[in-house]
Amino acid sequence: MTKTYPKASRPSLDDVSVSIEKGDFVFFIGPSGSGKSSIVKLMLHEIKPNKGKVIVNGKEISSMRSWKIPSFRRSIGCVFQDFRLLPNKTAYENVAFALEVIGKSKAVARRVVPEVLELVGLGGKEHRYPHELSGGEQQRVAVARAFVNRPLILLADEPTGNLDPDTSIEIMRLLDRINRTGTTVVMVTHDSNIVNQMRRRVIEIEGGRIVRDQARGVYG
Amino acid sequence: MRAKYVLAEMLVGLWRNVTMTIAMIITMIVSLSMLGASLLMYMQVDEMKGHYYEQVEVSIYLEKSIQDAERSDIKSKLDSDPLVKNVLWETKEMAYENFKAQFRDAPDLVNAIGADELPESFRVALHDPKKFDQINATYAGLPGVDTVVDQQKLLQKIFDILGSIQNLSLVVAGFMGLAALLLVANTIQVAAYSKRREVAVMKLVGASNWFIQAPFVLEAVFAALLGSILAWVMLVVGKVVLIDGKLAALTDLLLPVSWGNVNLMLPILAGIGSVVSAVTAWVTLRFYIRV
């Protein structure tokens, strides 16, 4: 699969082929501009490949009709470096919002949201606003929002990029716990500490090409 | 639950840019009431054409030196003509009486005309007033005929004036309508921008497109409905104050505007307004909120 951005002189991802099994925990590492973030965007159908296919959950999404994309995205949870929480909503409301806008009832939200907030370790802080929470706690809210719908895949784009090392480790433990429920976790990072500690599959990308794919790898 | 959410979001959106919402509604009122006025005028001119053309006549004026044989020849020709509905022979005396009645306010004029100076004529009503040319061709050259005059030509001038007023209000409605459309597009962009975080999250978690777009489209439709109702109120006020009030004296000539037609404007304006704004809002969002 190849992706070239308009006006770019060389492809961002050049003839990359990778397959991730259900239940895997995979790190994509590489320097800035190596093309690792494009992988997340391709899996979300935010961008399309110029050549080749992107198959997620058994569906080829590179040729998917645009009206089918929303329901496809419901099977994927997403966490970003900048959390992307709504500042005028509490932790509870932020998570409930993700359910409400895909048509779940308030009753479902009342049952599921406290559960998932408890899971990410935010029990008792449901009614805090994002600015009343630390960075790590905000990221936990984001993970709760990504996971509340029980997605098959959790995409994490530099989730620890804005956090200190100790908080990062806590977030990683959380992602590990989610992975153990059977959810595939795909994480893009350049945090060598974390990669070395987790000892999971590592795929290294450089200049748009895969230079290493190691089962229990380190940052190298 | 979903409908409640969408409606609540719509009201929040309208209130957040309340000045823009008011500007949007005002331009809609002006453009829709101009559109309504010109539609009413169009219907009115149509009705008046029907009304007057039924009464309109062709006058065949006869020469003073006409012979009895020539007159009865013309008369029998008219009676057997399939284009003619009915014929009235206006003698010199009748013409003078009509003239006196018509100009009773100007006795000098009446006194200046002798009783036998006015020409006698046939007043001919046609089945189809537009076939004047054929009548003119048949009768103008007959011996004893002076001129053939079509009253429709006189009415045509009045209708031309009404037509140009109608065109003018259509042009104004068009320009104001364009301004209203641009304001709708702008308002929707501002609304979408002020909710960009929510929209980004909704797209991320897989909210359907209609669910993301519906509150914005409904904002535009709501403004259009409010605008069209107020535009209709303007038309009602216009009818009561202007047509039935100040210009009441003219309604002998112009025919009154019926309530039925005025009321018909409400669904027409509401329909045109809301469909056009919904489409504008939707197209704006297509460019603004890409999936």
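Just so it is clear, the structure is predicted and the values come from calculations on it, not from any experiment.

With that settled, consider the overall build of chain A. Helix and strand counts for chain A stand at seven helices and eight strands. Its C-alpha radius of gyration of 17 Å places chain A within 12% of the 17 Å reference for a compact globule of 220 residues. For chain A, the spread of C-alpha atoms along the three principal axes comes to 50 × 40 × 30 Å. Every one of the 220 residues in chain A was classed for burial, and the buried ones make up 53%. For chain A, long-range pairs separated by at least 24 residues make up 67% of all intrachain contacts whose partners lie at least 6 apart in sequence.

Let's shift gears to the packing of aromatic side chains. In total, this model carries two aromatic pairs over all chains according to the counting rule given. Arranged with centres 5.4 Å apart and planes meeting at 55°, the rings of Phe 25 of chain A and Phe 27 of chain A form a pair that is tilted. Residue Phe 25 of chain A is classed as buried on the basis of its relative accessible area of 3%. Arranged with centres 5.8 Å apart and planes meeting at 85°, the rings of Trp 210 of chain B and Phe 211 of chain B form a pair that is edge-to-face. Since its relative accessible area comes to 48%, Trp 210 of chain B is described here as partly exposed. Note on Phe 211 of chain B: relative accessible area 1%, which makes it buried. A cation sits over an aromatic face here: Arg 196 of chain B above Tyr 193 of chain B, 4.1 Å from the ring centre. Here the guanidinium or amino end of Lys 239 of chain B rests over the ring plane of Trp 259 of chain B, the centre of that ring lying 4.8 Å away.

Residue and element names in this part refer to chain A. Of all eight residues that make up helix α1 (residues 36-43), six are buried, and the element is covered over most of its length. Buried within α1 are the following residues: Lys 36, Ser 38, Ile 39, Val 40, Leu 42 and Met 43. His 45 lies just past α1 and shows a positive phi near 60°.

Core analysis: the biggest nonpolar cluster contains 43 residues, and Val 101 of chain A together with Met 202 of chain B have the highest contact counts within it. Those elements that place two or more of their residues in this core are α3 (91-100) of chain A together with α1 (2-16), α2 (18-55), α7 (151-194), α8 (196-205), α9 (209-246) and α11 (259-288) of chain B. Top element by residues in this core is α9 of chain B. It accounts for 12 residues. Leaving out residues up to four positions away in the same chain, Val 101 of chain A has contacts with Arg 2, Tyr 5, Met 202, Val 205, Ala 207 and Phe 211 of chain B.

Residues and elements named next belong to chain B. A contiguous nonpolar patch, built from Leu 11, Phe 222, Leu 226, Ile 229, Leu 230, Val 233, Val 237, Val 240, Val 241, Leu 242, Leu 247 and Trp 259 and spanning about 980 Å² of accessible area, is present on the exposed surface. Looking at the nonpolar patch element by element, the count peaks at nine residues for α9. Tracing the backbone through its elements, the reader meets Val 233 in helix α9. Overall, Val 233 belongs to the partly exposed group, its relative accessible area being 36%.

All right, on to the sheet that holds strand β4 (residues 145-150) of chain B then. Residue and element names in this part refer to chain B. On the basis of which strands lie adjacent, the open sheet formed by four strands has the order β2-β3-β1-β4 and antiparallel pairing. With partners counted over all chains shown, the strands left at the sheet margins are β2 (84-90) and β4, one partner each. The average undirected angle you get between the axes of adjacent strands in this sheet is 20°. Sheet topology places β2 next to strand β3 (residues 121-126); six bridges connect them, and they run antiparallel. Following the sheet pairing, Leu 88 is matched in β3 by Arg 123.

A few words on the domain arrangement of chain A. Residue and element names in this part refer to chain A. When cut into domains, chain A gives domain 1 (1-75 + 152-220) and domain 2 (86-150). A separation of 24 Å is found between the C-alpha centroids of domain 1 and domain 2. Contact with domain 1, which involves 14 residues of that partner, is made by 12 residues of domain 2. With both sides pooled, the region where domain 1 packs onto domain 2 buries about 1100 Å², and carbon together with sulfur makes up 66% of that total. Put simply, domain 1 and domain 2 have one salt bridge between them. With a shortest N-O distance of 2.8 Å, Glu 170 and Arg 140 are connected by a salt bridge. Linking domain 1 with domain 2 are four residue pairs in polar contact (both at pLDDT 80 or more). Of all the elements, helix α6 (residues 165-180) adds the most residues to the side of domain 1 that touches domain 2, at seven residues. Broken down by class, the residue content of the side of domain 1 that touches domain 2 amounts to eight nonpolar, three polar and three charged.

Attention now moves to unusual backbone geometry. Residues and elements named next belong to chain A. The residue Arg 84 is not glycine, and still its phi comes out positive at about 55°. Structurally, Arg 84 can be placed in the loop between β4 (76-80) and α3. With phi around 55°, Arg 199 is a residue other than glycine that occupies positive phi space. In this fold, Arg 199 is placed in the loop between α7 (192-198) and β7 (201-206).

The next thing to look at is helix α4 (residues 92-102) of chain B. Residue and element names in this part refer to chain B. When α4 is considered as a whole, its buried residues turn out to be Lys 92, Ala 95, Tyr 96 and Phe 99. Projected down its long axis, α4 carries its buried residues within an arc of 100°, all on one side. Its buried side turned inward, α4 meets β2 and α5 (107-112).

Reading guide: rules and limits
Residues numbered from 1 in each chain as written. Chains lettered and ligands numbered in written order. Predicted model: local features only at pLDDT ≥ 70, side-chain atom pairs only at ≥ 80, totals over all residues. Heavy atoms only, no water. Helix = DSSP H or I, 4+ residues; strand = E, 2+ residues; numbered from the N terminus. Rg over C-alpha atoms; globule rule 2.2 N^0.38 Å. Buried < 20%, exposed > 50% of the residue type's maximum accessible area, 1.4 Å probe, protein only. Contact = heavy atoms within 4.5 Å. Phe/Tyr/Trp six-rings, centres within 6.5 Å; stacked < 30°, edge-to-face > 60°. Lys NZ or Arg CZ within 6 Å of the ring centre and 35° of its normal. Core = buried A, V, L, I, M, F, W, Y, C linked by side-chain atoms within 4.5 Å. Patch = residues over 30% accessible without salt bridge, like charges linked within 9 Å, V, L, I, M, F, W, Y side chains within 5 Å. Areas by Shrake-Rupley, 256 points an atom, 1.4 Å probe, with all protein chains shown as cover. Salt bridge = Lys/Arg side-chain N within 4 Å of Asp/Glu carboxyl O. Pairing = 2+ DSSP bridges. Axes fitted to C-alpha atoms, helices over the stretch in contact; angles between N-to-C directions. Domains from an automatic or database assignment. Buried area = accessible area lost by both parts, 1.4 Å probe. Polar contact = N/O pair within 3.5 Å; in protein donor to acceptor, adjacent residues only side chain to side chain. Nonpolar A, V, L, I, M, F, W, Y, C, P; charged D, E, K, R; others polar. Arc of directions from axis to C-beta.

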